[in-house]
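Okay, here's what each chain looks like letter by letter:
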Amino acid sequence: QVQLVESGGGLVQAGGSLRLSCTASGRSFSSYAMGWSRQAPGKEREFVAAISWSGDNTYYADSVKGRFTVSRSNAKNMLYLQMNSLKSEDTAVYYCSADLSMRTVQAMDHGMAYWGKGTLVTVSS
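The structure presented is a predicted model; accordingly, all values stated were derived computationally and were not measured. (Residues numbered from 1 in each chain as written. Predicted model: local features only at pLDDT ≥ 70, side-chain atom pairs only at ≥ 80, totals over all residues. Heavy atoms only, no water.)

Draft legend 1. Broad picture of the overall build of the protein chain. Counting its regular elements, the protein chain contains one helix and 11 strands. In sequence order, the protein chain lays out its α and β elements as β-β-β-β-β-β-β-β-β-α-β-β. For the protein chain, the C-alpha radius of gyration of 13 Å lies close to 14 Å, the compact-globule estimate for 125 residues. The principal-axis extents of the C-alpha atoms in the protein chain amount to approximately 40 × 25 × 25 Å. Sequence separation of 24 or more characterises 58% of the internal contacts of the protein chain that already satisfy a separation of 6 or more. Accessible surface computed for the protein chain: about 6500 Å², of which carbon and sulfur atoms make up 46%. Measuring between centres, the 12 positive side-chain charges of the protein chain sit 6 Å from its 9 negative side-chain charges. (Helix = DSSP H or I, 4+ residues; strand = E, 2+ residues; numbered from the N terminus. Rg over C-alpha atoms; globule rule 2.2 N^0.38 Å. Contact = heavy atoms within 4.5 Å. Areas by Shrake-Rupley, 256 points an atom, 1.4 Å probe, with all protein chains shown as cover. Lys, Arg positive; Asp, Glu negative; His and termini not counted. Charge placed at Lys NZ, Arg CZ, Asp CG, Glu CD.)

Put into structure tokens, the structure is as follows:
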């Protein structure tokens, strides 16, 4: 009932910034907690950030805290990830996700209701 499509990935130099977007289609977008995860080459997927349906609560992985900011616009059916001070280790495919449960989004549970197909971010040094 909800489809997620990420965009905004690309090549950026270390220290630079990039803004990812996730466009949601379908009904009840505003009812879902949403988040971002990433998978670097040769690595397991890891949690990056999550935001509650209201936008009042946000959570970040320690590796990105202070550098990344997750936000959403329910009116626009959009999720964002502002990435600043990018590092080479941020290179990964970034995935957008959504679920009625914030806990599921944070845990990247395989029972996650919806996943996007990802967008590649490459940070060059």
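Next, the rest of the story.
Draft legend 2. Expanded view of the side chain of Ser-21. Position of Ser-21 among the secondary structure elements: in strand β3 (residues 18-26). By relative accessible area, Ser-21 is classed as buried at 12%. The residues contacting Ser-21, other than those within four sequence positions of it, are Val-5, Glu-6, Ser-7, Trp-36, Met-78, Leu-79 and Tyr-80. (Buried < 20%, exposed > 50% of the residue type's maximum accessible area, 1.4 Å probe, protein only.)

Draft legend 3. Up close: the pairing of strand β5 (residues 46-51). With five of its six residues buried, β5 lies for the most part within the structure. Where strand β4 (residues 33-39) and β5 come together, five bridges link them in antiparallel fashion. Residue Met-34 lies in a different strand from β5, and its bridge partner there is Ile-51. Here β4 folds back onto β5, and the loop between the two strands holds six residues, one of which, Gly-42, carries a positive phi near 75°. Relative to strand β6 (residues 58-60), β5 is paired through three bridges, and the arrangement is antiparallel. Residue pairing in the sheet places Ala-49 in a bridge with Tyr-60 of β6. (Pairing = 2+ DSSP bridges.)

Draft legend 4. Up close: the sheet that holds strand β1 (residues 2-7). Taking strand neighbours across the sheet as the criterion, the four strands line up as β1-β3-β8-β7 in an open arrangement whose pairing is antiparallel. In the strand order of this sheet, the two ends are held by β1 and β7 (68-73), each with one partner. Strand-to-strand twist across the sheet, computed as the mean angle between neighbouring axes with direction ignored, equals 15°. (Axes fitted to C-alpha atoms, helices over the stretch in contact; angles between N-to-C directions.)

Draft legend 5. Up close: the state of the cysteines. Counted under the stated rule, the structure contains one disulfide. Here Cys-22 connects covalently by a disulfide to Cys-96, the sulfurs 2.1 Å from one another. For the disulfide bridge between Cys-22 and Cys-96, the dihedral angle about the S-S bond is near -75°, and by the sign convention the bridge is left-handed. Taken together, the residues Cys-22 in strand β3 and Cys-96 in strand β9 (residues 92-99) connect sequence positions 74 residues apart. Side by side, Cys-22 and Cys-96 carry an identical accessibility label, which is buried. (Disulfide = S-S within 2.5 Å.)

Keep in mind these numbers describe shape, not what the thing actually does.
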